[in-house]
Amino acid sequence: MTELDTPATAEQFFSAETRTALAEASRKLAERLQAHTDALLAMTGDEDHTTLFEHNAALEGVVEDWNDAVFEHTGTAPLLLDDTVDDEDEEVEQDQVISVVSRFDLRVVDLDALLEAGRAAQERHPAELDESGDRDPVDSAEQAIYEISREVGEAWFELPGIEMVAGARAYVVPEQPFEPLDADAEDVVTELIAPNGVATHAETWA
């Protein structure tokens with residue numbers, strides 16, 4: 001039984017009006033309950049379920065009215081009709097997430113060939129211009145690799161003038177607590193680590 005924190009007083013409850021309302025609500029509940037029972041007993045199982053749902057809904061409404069009438073008269077509610085479900089009891093479907101983490105260490109063996117390939121890639125697949133209206137000059141190994149990768153994706157095995165020292169890639173199914181990759185992080189390097197989870201596959205090159 002649910003009770004108010006403040007004890008009910010005769011002035012606040014138990015009035016002539018609440019007595020009349022409770023008596024009427026009880027009469028309607030008794031009639032609805034008997035009608036509901038008769039309807040259920042007459043069913044054979046071949047009926048449309050819509051009829052059953054309508055009977056259930058009608059009874060539910062009368063029960064709520066009666067519960068409210070008891071509360072108005074006594075300050076207590078004999079039935080707990082709150083159908084809210086705790087968040088812990090709800091099964092929330094999680095999106096499937098796979099984290100792919102990789103690292104490749106590359107040795108420059110022919111810088112001129114690499115720069116030439118990078119500049120050609122930039123011409124074929126230009127990036128956004130900088131604030132001055134110019135493209136970033138391809139005058140370093142990392143800029144050249146960046147431009148080539150922008151055009152063709154991960155080209156670690158086909159980069160001109162480059163020899164791979166080692167490479168590794170892991171596929172991880174994250175587990176809670178899971179912190180998603182923050183693509184807007186101020187220090188992106190700190191984001192390039194495998195998340196908490198299970199590594200399902202791994203590849204290495206040397």
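Summarised in this report is the structure supplied together with it.

Scoring rules and cut-offs
Residues numbered from 1 in each chain as written. Predicted model: local features only at pLDDT ≥ 70, side-chain atom pairs only at ≥ 80, totals over all residues. Heavy atoms only, no water. Helix = DSSP H or I, 4+ residues; strand = E, 2+ residues; numbered from the N terminus. Buried < 20%, exposed > 50% of the residue type's maximum accessible area, 1.4 Å probe, protein only. Contact = heavy atoms within 4.5 Å. Areas by Shrake-Rupley, 256 points an atom, 1.4 Å probe, with all protein chains shown as cover. Salt bridge = Lys/Arg side-chain N within 4 Å of Asp/Glu carboxyl O. Pairing = 2+ DSSP bridges. Core = buried A, V, L, I, M, F, W, Y, C linked by side-chain atoms within 4.5 Å. 1 Å grid on protein atoms, 1.4 Å probe; cavity = no way out; pocket = protein on both sides within 12 Å on 5 of 7 lines; lining within 4 Å. Points joined across faces, edges and corners; volume = space filled by probe spheres on them. Nonpolar A, V, L, I, M, F, W, Y, C, P; charged D, E, K, R; others polar. Axes fitted to C-alpha atoms, helices over the stretch in contact; angles between N-to-C directions. Parallel < 35°, antiparallel > 145°, perpendicular 65-115°, else oblique. Left-handed = near helix turned anticlockwise from the far one by under 90°.

Some points on the overall build of the protein
For step 1, the next point in the chain: In terms of regular secondary structure, the protein is built from four helices and five strands.
For step 2, the next point in the chain: Split into buried and exposed, the 206 residues of the protein put 22% on the buried side.
For step 3, the next point in the chain: Taking as baseline every contact in the protein between residues at least 6 positions apart, the subset at least 24 positions apart corresponds to 70%.
For step 4, the next point in the chain: Just so you have it, the protein exposes about 15300 Å², and 51% of that area is on carbon and sulfur atoms.

With respect to the pattern of salt bridges
For step 1, the next point in the chain: Enumeration according to the criterion identifies eight salt bridges in this entry.
For step 2, the next point in the chain: In this structure, the salt-bridge partner of R124 is E151, at a minimum N-O distance of 2.7 Å. In this pair, R124 is assigned in helix α3 (residues 111–124) and E151 in helix α4 (residues 141–152), connecting sequence segments 27 residues apart.
For step 3, the next point in the chain: E203 is paired through a salt bridge with R169; the nearest N and O atoms lie 3.3 Å apart.

A short note on the pairing of strand β4 (residues 162–174)
Two faces belong to every sheet, and in a regular strand the side chains alternate between them.
For step 1, the next point in the chain: Summarising the sheet, strand β3 (residues 99–108) and β4 pair through 10 bridges and their orientation is antiparallel. In the sheet register, L106 faces β4, and the bridge partner there is M164.
For step 2, the next point in the chain: Pairing analysis gives eight bridges linking β4 to strand β5 (residues 197–205), with the strands arranged antiparallel. Residue V172 lies in a different strand from β5, and its bridge partner there is A199.

What about the nonpolar core?
Proteins that are soluble and globular tend to have nonpolar side chains buried together.
For step 1, the next point in the chain: L114, A144, I145, I148, W156, L159 and I162 are the most contacted members of the largest nonpolar core, which has 15 residues in total.
For step 2, the next point in the chain: Apart from residues lying up to four places away in sequence, L159 is in contact with L106, I145 and I148.

Description of the layout of surface pockets
For step 1, the next point in the chain: Of the volumes computed, that of the largest pocket is approximately 460 Å³.
For step 2, the next point in the chain: In terms of lining residues, the largest pocket is bounded by 20 residues, among which V101, L181, E191, L192 and I193 are the most central.
For step 3, the next point in the chain: Of the residues assigned to the lining of the largest pocket, the class counts are 13 nonpolar, four polar and three charged.

Digging into the packing of helix α1 (residues 16–42) against helix α2 (residues 49–74)
For step 1, the next point in the chain: α2 packs onto α1 with a crossing angle of 160 degrees between their chain directions and a minimal axis gap of 9 Å. With respect to α2, the axis of α1 lies roughly antiparallel. Crossing of α1 over α2 shows left-handed handedness.
For step 2, the next point in the chain: Across the contact of α1 with α2, the residue classes break down as 15 nonpolar, six polar and five charged.

By themselves, these observations are geometric and do not establish any function.
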